[in-house]
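Descriptive structure summary
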There are 2 protein chains.
Amino acid sequence: MTATQDVIDRIDREKDDYLGELKQYLRIPSISTDPQYKPQVRGAAEYLRDNMRQAGLSAELVDSPTGGNPLVYGEWTGAPGKPTVLFYGHYDVQPVDPVDEWRHDPFEPTLEGDDIICRGATDDKGQSFTHVKAVAAVLAERGALPVNVKLIVEGEEECGGEGIEAFVRADAGDRLACDCVVISDTSMYAPGEPAMLYGLKGLTYVELRVQGPNRDLHSGTFGGSVQNPLNALGHILSSLQDPETGRVLIAGFYDRVRPLEDWERKAWAELPFDEDEYRRELGVPELFGERGYNTRERTWGRPTCDVNGMWGGYQGEGAKTVLPAKAGAKVSMRLVPDQDPKEIADLFRQHVERVTPPGVAVEVREVHGAVPTLIETEGPAMEAAVAAMRDEWGKAPVMIREGGSIPIIATFADVLSKPVLMMGFGLPDDRLHSPNEKFNLQCFYGGIRTVARFLDGLAGQAG
Amino acid sequence: MTATQDVIDRIDREKDDYLGELKQYLRIPSISTDPQYKPQVRGAAEYLRDNMRQAGLSAELVDSPTGGNPLVYGEWTGAPGKPTVLFYGHYDVQPVDPVDEWRHDPFEPTLEGDDIICRGATDDKGQSFTHVKAVAAVLAERGALPVNVKLIVEGEEECGGEGIEAFVRADAGDRLACDCVVISDTSMYAPGEPAMLYGLKGLTYVELRVQGPNRDLHSGTFGGSVQNPLNALGHILSSLQDPETGRVLIAGFYDRVRPLEDWERKAWAELPFDEDEYRRELGVPELFGERGYNTRERTWGRPTCDVNGMWGGYQGEGAKTVLPAKAGAKVSMRLVPDQDPKEIADLFRQHVERVTPPGVAVEVREVHGAVPTLIETEGPAMEAAVAAMRDEWGKAPVMIREGGSIPIIATFADVLSKPVLMMGFGLPDDRLHSPNEKFNLQCFYGGIRTVARFLDGLAGQAG
């Protein structure tokens with residue numbers, strides 16, 4: 001019996017109401033990538049604002065500083081001297097194509113056993129709604145919260161809008177002041193297996209353009225007399241990574257890499273993970289990556305370098321004997337702390353200058369960058385989160401990292417200098433961005449209870 | 001004063017008539033790549049047949065064994081015991097696009113100074129018409145030829161038709177029996193500088209397909225765990241050629257290469273050729289090719305390996321972090337005697353198997369092959385040709401090779417086992433395949449006179 005049992009009991013009594021509200025929220029097709037849905041996107045924001053108000057929060061829509069979709073801002077700050085939690089989520093959803101593959105109307109929430117099928121069910125309406133309902137349950141039960149809370153739920157996450165970034169940077173010192181950030185937009189490790197995501201990779205994405213002769217040439221007449229841009233690009237791409245050891249060969253690339261800690265390697269090794277099944281599922285003859293690391297370590301904790309696209313010359317059927325004037329490629333490097341995207345772009349450029357063969361000119365353009373994130377796995381907020389998850393699910397969360405990048409998390413970490421707790425309630429098979437996206441009801445209710453426990457746990461800490 | 005002076009005088013008297021006939025022939029738009037022009041293609045063949053008959057040859061249209069355009073076959077075999085010359089040419093022409101760039105109607109032969117502007121003027125109506133008019137002049141002057149002649153003029157050269165190949169292979173032992181083949185479908189080295197082309201490169205053209213995972217993957221989630229097909233393709237392409245020395249690195253690639261002979265290197269070095277001007281015209285920072293050879297030697301006499309196309313992953317604007325399932329490339333190797341296209345394809349395949357990095361499957365498909373040709377530069381026919389050119393132009397022809405491939409020449413050399421004399425009368429700036437194609441009248445008349453001299457010269461040899 002924990003200190004939160006009063007609220008837990010209320011949540012269990014009222015969970016059907018919460019599900020009913022979630023269904024209403026899910027029915028609003030808030031697809032942010034399609035301008036046609038602009039009114040519905042705003043409608044979802046208004047629904048959430050009103051829901052927050054009914055819970056006893058002060059809430060408002062904040063128009064995007066960049067002219068995009070509004071974000072919903074709610075707060076309850078009646079616990080002076082206590083810590084403040086900033087919850088982040090998003091109310092916009094992905095498009096529904098291919099619509100034929102849905103078993104139901106994508107915007108009619110439908111129960112299949114314990115799963116609720118709907119676009120946005122897990123990503124991120126359902127998951128971030130756990131924050132709102134946990135706060136609502138505590139306020140309904142006790143008339144007050146044990147800590148201060150602020151919620152920002154944005155409407156441009158799926159369309160790459162920059163409103164949230166501008167908002168966070170502008171309001172960080174004042175409105176967004178807090179002790180920790182909580183985000184529920186990721187997954188548990190498996191059903192019943194809670195996970196805390198504490199690391200994400202950064203990114204340096206560049207484009208290479210190789211220019212040879214000033215026009216396409218006949219490879220018979222001119223072959224052998226000038227450097228071929230495609231041959232040259234092959235040399236450059238080949239120089240990036242050792243094909244046997246998987247090591248990136250850019251000088252200085254690993255200089256700032258924080259080595260995996262022993263506890264991480266040990267903890268990950270204990271996670272259920274079948275490399276052979278993983279290999280079979282991907283259909284490759286063998287797995288391949290940096291020598292000295294296993295697949296988990298490679299994907300979660302080691303930097304990588306992948307060619308994402310390349311092109312040049314004749315790509316059609318049959319034979320065309322062209323010696324093309326130009327060739328190009330896109331290359332991305334996934335970074336880990338403490339690599340710096342700008343510095344890596346510079347090292348990449350220097351490397352390319354060094355290895356470019358004679359007779360061609362190469363241009364390197366920086367397309368995109370993201371800072372890697374590693375959240376401190378100790379400290380009061382993290383301890384409260386771990387305890388809440390353990391109390392709810394009966395076991396401590398596994399501490400995991402991921403290979404992807406979530407730029408807003410780096411922004412929070414950078415601007416607020418507070419821990420960002422990625423407390424995911426989804427499951428690995430939730431089909432986010434795909435047809436028949438779902439959210440498990442036990443994850444939904446368990447998530448609400450976990451957040452309620454977390455609020456109480458954090459209240460025990462100094463503000 | 002040569003033995004041919006009687007005929008030379010006649011040619012000079014009648015040259016305006018020859019020009020008039022050439023214009024009539026050029027006016028027929030015999031574009032073989034466009035089925036709409038089928039009647040005109042046949043019309044050109046009929047004109048040529050009739051022109052041969054008027055000259056005193058027996059001539060007929062031979063329908064293509066592969067259902068394509070007819071070829072014109074003419075002969076005069078009234079010199080038993082004397083050598084037989086087989087002339088080859090083509091009466092079909094390239095399309096005229098971009099038509100806006102022509103200064104005149106592409107099929108209205110128009111004189112600009114000594115140049116006659118028309119599609120097909122040099123390639124190959126004008127050049128191959130020199131054979132017909134030389135024979136006509138000798139017959140008109142003497143009532144007989146000093147040697148036997150056979151002419152085949154085909155109508156599918158520009159559209160890659162295989163009729164000629166089938167015809168030559170079927171009729172080689174009988175109708176096409178000869179002592180040498182003469183082709184006029186190439187260029188002089190410069191105005192007033194005759195050239196004899198005695199070498200052409202062969203070709204092995206392959207396509208590479210690299211297969212990695214069974215679907216495109218997210219490079220964040222999966223990057224570092226599987227071999228990336230684009231990275232792998234980079235390694236494979238890079239392994240083909242040393243980027244510093246320009247040497248092809250496929251094991252055994254050079255084993256059958258016939259070294260350049262001292263006389264070739266010396267003769268080519270004496271040809272006017274400005275490497276710096278060549279470099280500037282191509283717009284490259286520096287020329288690049290196999291170390292130890294100059295540009296002429298590289299393009300004419302050394303085998304090469306060029307990537308002609310490659311593709312894979314994301315080629316659009318901006319960033320897409322895909323780890324693609326597959327990648328591909330087209331690679332061609334230009335061969336010199338005595339390299340064998342089949343053997344080189346095998347060596348290429350073995351090389352790729354050896355260098356393919358772990359974790360991907362690679363398929364090599366043979367797309368196309370052509371045998372390299374090197375004509376013996378000694379022997380009676382070659383001597384007669386060289387003498388005819390020297391007598392006509394006042395200097396011996398320069399002996400040159402080219403980097404391209406002309407498959408029919410390899411076929412003649414292979415099937416007939418007789419020397420193939422590439423006696424070109426075009427000029428390097430004739431704009432073949434381009435708007436405002438031209439043929440210089442001095443080349444036309446000089447070509448007719450050269451062929452007449454050659455017939456007399458050859459008659460002095462044993463048949």
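Residues numbered from 1 in each chain as written. Chains lettered and ligands numbered in written order. Predicted model: local features only at pLDDT ≥ 70, side-chain atom pairs only at ≥ 80, totals over all residues.

With that settled, consider the overall build of chain A. Secondary structure summary: chain A contains 13 helices and 18 strands in total. Its C-alpha atoms give chain A a radius of gyration of 25 Å, within 12% of the compact-globule value 23 Å for 463 residues. Its C-alpha atoms give chain A principal-axis dimensions of about 85 × 50 × 45 Å. Looking at chain A residue by residue over its 463 residues, the buried ones come to 55%. Considering only intrachain contacts with a sequence separation of at least 6, the fraction spanning at least 24 residues in chain A is 79%. (Helix = DSSP H or I, 4+ residues; strand = E, 2+ residues; numbered from the N terminus. Rg over C-alpha atoms; globule rule 2.2 N^0.38 Å. Buried ≥ 20, exposed ≤ 12 C-beta atoms within 10 Å, placed from the backbone. Contact = placed C-beta atoms within 7 Å.)

In this section: the sheet that holds strand β14 (residues 361-370) of chain A. Pairing is antiparallel in the open sheet, where eight strands are placed in the order β14(A)-β9(A)-β13(A)-β11(A)-β11(B)-β13(B)-β9(B)-β14(B). With partners counted over all chains shown, the strands left at the sheet margins are β14 of chain A together with β14 (361-370) of chain B, one partner each. If you compare each strand with its neighbour and ignore which way they point, the axes differ by 20° on average. In terms of strand pairing, strand β9 (residues 202-211) of chain B meets β14(B) through nine bridges, oriented antiparallel. Residue pairing for β14(B): V206(B) is matched across the bridge by E366(B). (Pairing = 2+ DSSP bridges. Axes fitted to C-alpha atoms, helices over the stretch in contact; angles between N-to-C directions.)

For the rest of this paragraph, the subject is the interface of chain B and chain A. Contacts between chain B and chain A engage 66 residues on the former and 66 residues on the latter. Among the elements of the structure, α5 (219-222), α6 (229-238), α9 (295-301), β11 (304-313), β12 (322-323), β13 (326-335) and β14 of chain B are those that each provide at least two residues to the side of chain B that touches chain A. Sort the elements by how many residues they give to the side of chain B that touches chain A and β11(B) lands first, with nine residues. A breakdown of the residues in the side of chain B that touches chain A according to their chemical character gives 23 nonpolar, 34 polar and nine charged. (Nonpolar A, V, L, I, M, F, W, Y, C, P; charged D, E, K, R; others polar.)

As a further point, take the relation of the copies chain B and chain A. Superposing chain B onto chain A takes a rotation of 180° combined with a translation of 0.1 Å along the rotation axis, leaving an RMSD of 0.1 Å. These values place the two chain copies in the arrangement generated by a two-fold rotation axis. An overlap of 100% is found between the interface residues of chain B and their copies at the interface of chain A, pointing to a shared contact surface. (Least-squares fit on C-alpha atoms with pLDDT ≥ 70 in both.)

Take the pairing of β13(B) next. Residue and element names in this part refer to chain B. Counting buried positions along β13 gives nine out of 10 residues, so the element sits mostly inside the fold. Looking at chain direction, β9 and β13 are connected through 10 bridges and run antiparallel. Each residue of the ladder has a partner; that of R209, found in β13, is G328.

A few words on the pairing of strand β11 (residues 304-313) of chain A. In terms of burial, β11(A) is largely enclosed, as 10 of its 10 residues are buried. When β11(A) meets β11(B), the two strands line up antiparallel, connected through five bridges. What sits directly across from W311(A), in β11(B), is W311(B).

On to the sheet that holds strand β5 (residues 115-117) of chain B, then. All names here are of chain B. Here we have three strands laid out as an open sheet, ordered β4-β5-β18, and antiparallel in their pairing. Strands at the two margins of the open sheet, each flanked by one partner only, are β4 (110-112) and β18 (438-440). Direction aside, neighbouring strands of the sheet carry axes that sit 30° apart on average. Here β4 runs beside β5; their pairing, made up of three bridges, is antiparallel. Bridging across to β5, E112 finds its partner in D115. Packing against the sheet, helix α13 (residues 441-459) makes contact with β5 and β18, and its axis sits at approximately 60° to β18.

What follows is about the domain arrangement of chain A. Entries for chain A in the domain assignment read domain 1 (5-199 + 372-459), domain 2 (202-257 + 303-370) and domain 3 (260-296). Here domain 2 of chain A and domain 3 of chain A have C-alpha centroids that lie 28 Å from each other. (Domains from an automatic or database assignment.)

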